[in-house]
Amino acid sequence: MKQLSFSYSKQYTPSAPIIEIEAVGHSNVARSERLIALVDSGADNTMFPSSILQRIGARYVDMVRMRGVYGQAQNFELFRVLITIAEQPFPIDVIAMPEGDEIILGRDILNQLRITLDGLALETMIEKN
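Predicted, not measured: the structure shown is a model, and the values here were computed from it. Just so you know, the residues in each chain are numbered from 1, in the order the chain's sequence is written. Reporting of local features is limited, given that this is a predicted model, to residues whose pLDDT is at least 70; pairs of side-chain atoms are given and counted only at 80 or more, and all residues count toward the totals for whole chains, interfaces and linings. Hydrogens are left out, water is left out, and the side-chain values use all remaining heavy atoms of the structure.

Colleague: Please clarify how the pairing of strand 7 (residues 88-97) should be interpreted in this entry.
Modeller: Taken residue by residue, a regular strand's side chains alternate between the two faces of the sheet. By definition, two strands form a pair when at least two bridges between them are found by DSSP. Secondary structure elements follow DSSP: runs of H or I of four or more residues count as helices, runs of E of two or more count as strands, with numbering from the N terminus. Of the strand pairs in this sheet, strand 4 (residues 47-49) and strand 7 are connected by three bridges, and their pairing is parallel. Within the sheet, the bridge partner assigned to Phe 48 lies in strand 7 and is Ala 96. Looking at chain direction, strand 6 (residues 73-85) and strand 7 are connected through eight bridges and run antiparallel. Bridge pairing in strand 7 links Val 81 to Ile 92. In this structure, the hairpin formed by strand 6 and strand 7 is closed by a connection of two residues, where Ala 86 is found at a positive phi of approximately 50°.

Pasting the structure below:
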């Protein structure tokens, strides 16, 4: 089995695991982009900044109520996106984040991958089929 590896981002303290993804929207104006996503095994769902969802032409799906780490529930928009990681496609509904510029890759995708976080080597590895 082949393996892809990505160096941790040193823009965070401590350094954080990231991977490269390709994302494309599900609409008549869909565009594909290669992007960097922060690996977050504590996040239930994958989250994208609204600005990126607009750029790739993601299709609005619904509203969802979520509770964040501070316990207060809020309404967020869901958008349909096709995310490709290590040549594996994941059609998924992602949470639109009105602020920020980071993509957070949550367990809705991470639980479908064989992924290794090697903190000592500051490297994220994903097995390719």
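Colleague: Would you mind showing me how to read the packing of aromatic side chains here?
Modeller: The relation between two aromatic rings is expressed through the spacing of the ring centres and the mutual angle of the planes. Pairing of aromatic rings covers Phe, Tyr and Trp, the last through its six-membered ring, and needs centres within 6.5 Å; plane angles under 30 degrees mean stacked, over 60 mean edge-to-face, and all others mean tilted. All chains considered together, the criterion is met by one aromatic pair. Between Tyr 60 and Phe 79, the aromatic rings sit 5.7 Å apart at their centres with planes inclined by 80°, giving edge-to-face as the arrangement. A residue pair is termed long-range when its members are at least 10 positions apart, and Tyr 60 in strand 5 (residues 59-67) and Phe 79 in strand 6 qualify at 19 residues.

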